[in-house]
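Residues per chain are reported as follows:
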Amino acid sequence: MNIPMVDLRGQYQSLKEEIRRQLDSVLEGSQFVLGPQGEALEQEIAAYCGVRHAIGVASGTDALHLALRAAGIGPGDEVITTPFTFIATAEAIAYVGAKAVFVDIDPQTFNICVDAVASAVGPRTRAVLPVHLFGQPADLAPLKQICDRHGLRLIEDCAQSFGAVYQGRMTGAWGDAGCFSFFPSKNLGCYGDGGMIVTNDDHLAAEIRMLRNHGSRERYYHAAIGYNSRLDDMQAAILRVKLKHIDDYNRARRRNAALYSELLQDAPVLTPVEDGKGCHVFHQYTLRAPRRADLQKTLSAAGIASAIYYPVPLHRQEVFAADCAGLSLPVAEQAAAEVLSLPMYPELTAEQIRLVCRTIADAAAR
Ligand SMILES: *Cc1c(COP(=O)(O)O)cnc(C)c1O
């Protein structure tokens, strides 16, 4: 039995009829960009997240970029963020000409450390950009307090947390803006690239709508140099079908995670810690494995995929070497050396999970 990290085919098979019907109707209507499907999806996601506005864009990376730019963050500004994330988080900060200030993470949740954020606020700080890593909400309440106290923007990277709730409110709805990715492997994924920004700020929403469409509020009148960054109607139609099932999918991920953690109790690995402040939607199921290389080899020999998210924290990446010379963030560095993510998707079966856990136990016994 081969077990991949993600398998998108099962979900497609179960939704095939409806997805094909919806795609057909987009093809028949032939309004492919900024059409009715995109608009309907925006309304549905705004309602789902409990916010006033949702704006579709071309990717999660663009969602972060446009949110930062619409918030007026630019050259000379600093944005405090986590080094333990995908590069896109920091790329977006660089795109607007601002500087990413990396601070260390919490060893239990891998999310940005609130005390480290508080200590890093300085005269140039304009925003805090937490990531809800692996689907677990960052500690938003104290982060929001810090932002309110210092007049900073809170921009959430929700690429891995669609449907994750923190203290009764959706991730994405806490900050000035929440930025989602619909990359195929995310919890809510389309069949290409896509993204969305949610916000309660009317001004920010209008700016983002203008920026995503060539800086235009009215056709052929351009107020700013903008971008071509729309979510197309084919992708929106697919996402509308999947959105109806997202809570079931996230429940299935949680159920799979619970079974993994139960079966790995006695294995020489540390299973993910839920901090109890929010609902973890397990975009990834990520262990700490002190003997990671051996474990990965054993899994691979048994046909079981595993992956390291992320092997190099951003402050140690070549691209940030000059900015981060001498910066030491030991918790993030140790996490990068120890983490190992196991296969995770809603359709993963109990039998598959048992096999993965048995293989890990066998590896330890040897
Ligand atoms: C996937 C991801 C992004 C980027 O999303 P794209 O849609 O691929 O551009 C940004 N941040 C994090 C944490 C991600 O996991």
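Structure's up top.
The text that follows walks through the structure, step by step, so that each part is easy to find.

Conventions and cut-offs
As a convention, each chain's residues are numbered from 1 in the sequence order in which they are written. This being a predicted model, a pLDDT of at least 70 is required before a residue's local features are given, and a value of 80 or more before pairs of side-chain atoms are given or counted; all residues contribute to the totals for chains, interfaces and linings. The basis for every side-chain value is the complete set of heavy atoms in the structure, and neither hydrogens nor water enter the calculation. The way it works is that DSSP assigns letters per residue, a run of H or I at least four long becomes a helix, a run of E at least two long becomes a strand, and they are numbered from the N terminus. Relative accessibility decides the category of a residue: with a 1.4 Å probe and only protein chains considered, values under 20% of the type maximum give buried, values over 50% give exposed, and everything between is partly exposed. Two residues form a contact once any of their heavy atoms are found within 4.5 Å. Accessible surface is estimated by sampling points in the Shrake-Rupley manner with a 1.4 Å probe; for residues, cover comes only from the protein chains shown. Positive charges come from Lys and Arg, negative ones from Asp and Glu, while His and the chain ends are left out of the count. For charged residues, the charge sits on one atom: NZ in Lys, CZ in Arg, CG in Asp, CD in Glu. By convention in these notes, a residue is near a molecule or strand provided one of its non-hydrogen atoms lies within 4 Å of it. Identification of polar contacts relies on pairs of N or O atoms within 3.5 Å, with a donor-acceptor requirement for protein atoms, meaning one able to donate a hydrogen and the other able to accept it, and with residues adjacent in sequence counted only if both atoms are side-chain atoms. Like charges are joined within 9 Å and nonpolar side chains (Val, Leu, Ile, Met, Phe, Trp, Tyr) within 5 Å, but only among residues with over 30% relative accessible area and no salt bridge; these make up the patches. Think of a salt bridge as a Lys or Arg side-chain nitrogen and an Asp or Glu carboxyl oxygen that are within 4 Å of each other. To qualify as a nonpolar core, a set must consist of buried Ala, Val, Leu, Ile, Met, Phe, Trp, Tyr and Cys residues joined through side-chain atoms within 4.5 Å. Fitted lines through C-alpha atoms serve as axes, helices being fitted only where they are in contact, and the angles separating the N-to-C directions of these axes extend from 0 to 180 degrees. Note on convention: the crossing is left-handed when the near helix lies turned anticlockwise from the far helix by less than a right angle, right-handed when the turn is clockwise. Ten residues, namely Ala, Val, Leu, Ile, Met, Phe, Trp, Tyr, Cys and Pro, are considered nonpolar, four, namely Asp, Glu, Lys and Arg, are considered charged, and the remaining ones, Gly among them, are considered polar.

**What to know about the overall build of the protein**
Within the protein, the regular secondary structure consists of 12 helices and 13 strands. Looking at the 366 residues of the protein, the share that counts as buried comes to 54%. For the protein, the share of sequence-separated contacts (at least 6 apart) that also reach a separation of at least 24 residues comes to 71%. For the protein, the accessible area works out to roughly 15,700 Å², and carbon and sulfur atoms hold 50% of it. Considering the protein, the positive charge centre built from 35 side chains and the negative charge centre built from 41 side chains are found 1 Å apart.

**Details of the site of the ligand**
Around the ligand, the structure places 14 residues, and the nearest of them are Gly-60, Thr-61, Asp-157, Ser-181 and Lys-186. Here an oxygen atom of the ligand sits 2.7 Å away from a polar atom, N or O, in the main chain of Gly-60. At a separation of 2.8 Å, a nitrogen atom of the ligand approaches a polar side-chain atom of Asp-157. Relative to its unbound accessible surface of 380 Å², the ligand loses 92% to contact with the protein. When contributions to the shell around the ligand are tallied by element, the ones reaching two or more residues are helix H3 (60-70) and helix H4 (88-95).

**Section: a nonpolar patch on the surface**
There is a patch of nonpolar side chains on the surface, built from Leu-27, Phe-32, Val-33 and Leu-34 and spanning about 320 Å² of accessible area. Relative to the assigned elements, Val-33 resides in the loop between helix H1 (9-29) and helix H2 (36-49).

**Re unusual backbone geometry**
In this structure, Tyr-310 follows Tyr-309 across a cis peptide bond, with omega equal to 10 degrees. Within the secondary structure, Tyr-310 is located in the loop between helix H10 (292-301) and helix H11 (330-338). Residues other than glycine seldom take positive phi values, yet Ser-30 does so here, at roughly 55 degrees. By the secondary structure assignment, Ser-30 is in the loop between H1 and H2. With phi around 45 degrees, Phe-282 is a residue other than glycine that occupies positive phi space. Tracing the chain through its elements places Phe-282 in the loop between helix H9 (246-263) and strand E12 (285-288).

**Here's the deal with the nonpolar core**
Among the nonpolar cores identified, the biggest contains 44 residues, and Leu-68, Ile-73, Val-79, Phe-84, Phe-102, Phe-110 and Ile-155 are the most heavily contacted of them. If you list the elements that add at least two residues to this core, you get strand E1 (53-57), H3, H4, strand E3 (99-102), strand E4 (125-129), strand E8 (177-181), helix H7 (202-212) and H11. For this core, the element with the most residues is H3, which contributes 6 residues. Sequence-distant contacts of Ile-155, that is, excluding residues within four places in its chain, are made with Ala-67, Leu-68, Ala-71, Val-128, Leu-129, Pro-130, Ala-177 and Cys-179. Membership of the second largest hydrophobic core comes to 24 residues, among which are Ala-257, Tyr-285, Cys-357 and Ile-360.

**A closer look at the packing of H2 against helix H8 (residues 233-243)**
Between H2 and H8, the shortest axis-to-axis distance is 8 Å and the interhelical angle comes to 35 degrees. H8 is crossed by H2, and the crossing has left-handed handedness. Of H8, the residues touching H2 (which contributes Pro-36, Gln-37, Gly-38, Ala-40, Leu-41, Glu-44, Ile-45 and Tyr-48) are Asp-233, Ala-236, Ala-237, Leu-239, Arg-240 and Leu-243. Residue classes in the contact of H2 with H8 are distributed as 9 nonpolar, 2 polar and 3 charged.

**Some remarks on the environment of Ala-177**
Looking at the secondary structure, you find Ala-177 in strand E8. Not counting the four nearest positions on each side in its chain, Ala-177 is found in contact with Ala-67, Leu-154, Ile-155, Glu-156, Gly-172, Ile-197, Val-198, Thr-199 and Leu-204.

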